[in-house]
Amino acid sequence: MNKKYNNVIHIFFSDYLAWLLIVSSLFVVSCVLAIAFGKAQGFIWIIPILFLVIYCCSLQLLVLYCKVKKDIKDRNIEHITIKNFKIEQDDTFGFKNRGGAAVGKKKYRIIDENGNYYLLSTANEKDMFFMFHINPSFSIEIEFLKTSRLVLHMKIIDEPQTNKKVRAKKYNAASDFRKIFGHYL
């Protein structure tokens, strides 16, 4: 992959990679234990089937990763400026614990005025873009992969405002955005 975008792609998929490593190591350990104890010879085929089902739970992330690799290889990158957009949390590509709470890095999607979405992730598990900034009042310039819609780079475009309250509110939203998604800027 292009070295320029490796960090952003790694941050977005690092939860998936960690999950794959954990599940794969559990698979190997359970197969070794089943063979070592040998008492469940008739049921040993259940272990690979169960892990195959577990792997299929993350199939959409694998498909997205393949799209990202293809987009990078084909240099299928676009630039767009978005003036009116909203940000919402994207649970499609996140992981949840048994209680249903999201774990790992928070995934978000930026939705423009035409309904197009662009995927991005926080840099760590603690960051969260607060919900009172759902419809930010600043504009952004986005560099993204055309097929996978993954954001590679962003730039906040500051527009001059005369009203101090509007400018202060805009600055707070923009500074929070810079703090949470600084690895894209």
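Scroll up a little and you will see the structure.
## Digging into a nonpolar patch on the surface
Right, on to step 1. A surface patch of nonpolar side chains, amounting to about 790 Å² of accessible area, comprises Ile35, Phe43, Ile44, Trp45, Ile46, Ile49, Leu50 and Val53.
Right, on to step 2. Looking at which element gives the most residues to the nonpolar patch, the answer is helix H2 (residues 46-56), with 4 residues.
Right, on to step 3. In this fold, Ile49 is placed in helix H2.

## Quick notes on the nonpolar core
Generally speaking, nonpolar side chains in soluble globular proteins are found buried as a group.
Right, on to step 1. In terms of nonpolar packing, the biggest core is built from 36 residues, with Phe13, Ile110, Ile140, Ile142, Met154 and Phe177 touching the most fellow members.
Right, on to step 2. Only helix H1 (6-37), helix H3 (59-73), strand E2 (85-89), strand E5 (107-112), strand E6 (117-121), strand E7 (139-145), strand E8 (151-157) and helix H4 (164-180) provide two or more residues apiece to this core.
Right, on to step 3. Among the elements that make up this core, the one with the highest residue count is H1 (5 residues).
Right, on to step 4. Contacts of Met154, omitting those with residues within four sequence positions, involve Ile110, Leu120, Ile140, Glu141, Ile142, Phe177, Phe181, Tyr184 and Leu185.
Right, on to step 5. If you look at the next biggest cluster of nonpolar residues, it comprises 5 residues, including Val23, Cys31, Ala34 and Ile47.

## Some remarks on the pattern of salt bridges
Right, on to step 1. Within this structure, the stated rule accounts for 4 salt bridges.
Right, on to step 2. Notably, a salt bridge pairs Lys107 with Asp15, separated by 3.5 Å at the nearest N-O pair. In this pair, Lys107 sits in strand E5 while Asp15 sits in helix H1, placing the two residues 92 residues apart along the sequence. Each member of the pair, Lys107 as well as Asp15, carries the same accessibility label: buried.
Right, on to step 3. With its nearest N and O atoms 2.8 Å apart, the salt bridge here joins Lys70 to Asp74.
Right, on to step 4. Classification of Lys70 as exposed rests on a relative accessible area of 52%.

## Quick look at the packing of H1 against H3
The geometry of a pair of packed helices is captured by two quantities: the angle between their axes and the separation between those axes.
Right, on to step 1. Put simply, H1 and H3 touch, their axes get as near as 11 Å, and they point 155° apart. Looking at the two axes, H1 sits roughly antiparallel to H3. With respect to the hand of their crossing, H1 and H3 are arranged in left-handed fashion. Residue-level contacts link Ile9, Phe12, Phe13 and Tyr16 of H1 to Leu61, Leu62, Leu64, Tyr65, Val68 and Ile72 of H3.
Right, on to step 2. Split into classes, the residues belonging to the contact of H1 with H3 amount to 10 nonpolar, no polar and no charged.

Rules of the game
- Residues numbered from 1 in each chain as written.
- Predicted model: local features only at pLDDT ≥ 70, side-chain atom pairs only at ≥ 80, totals over all residues.
- Heavy atoms only, no water.
- Patch = residues over 30% accessible without salt bridge, like charges linked within 9 Å, V, L, I, M, F, W, Y side chains within 5 Å.
- Areas by Shrake-Rupley, 256 points an atom, 1.4 Å probe, with all protein chains shown as cover.
- Salt bridge = Lys/Arg side-chain N within 4 Å of Asp/Glu carboxyl O.
- Helix = DSSP H or I, 4+ residues; strand = E, 2+ residues; numbered from the N terminus.
- Core = buried A, V, L, I, M, F, W, Y, C linked by side-chain atoms within 4.5 Å.
- Buried < 20%, exposed > 50% of the residue type's maximum accessible area, 1.4 Å probe, protein only.
- Contact = heavy atoms within 4.5 Å.
- Axes fitted to C-alpha atoms, helices over the stretch in contact; angles between N-to-C directions.
- Parallel < 35°, antiparallel > 145°, perpendicular 65-115°, else oblique.
- Left-handed = near helix turned anticlockwise from the far one by under 90°.
- Nonpolar A, V, L, I, M, F, W, Y, C, P; charged D, E, K, R; others polar.

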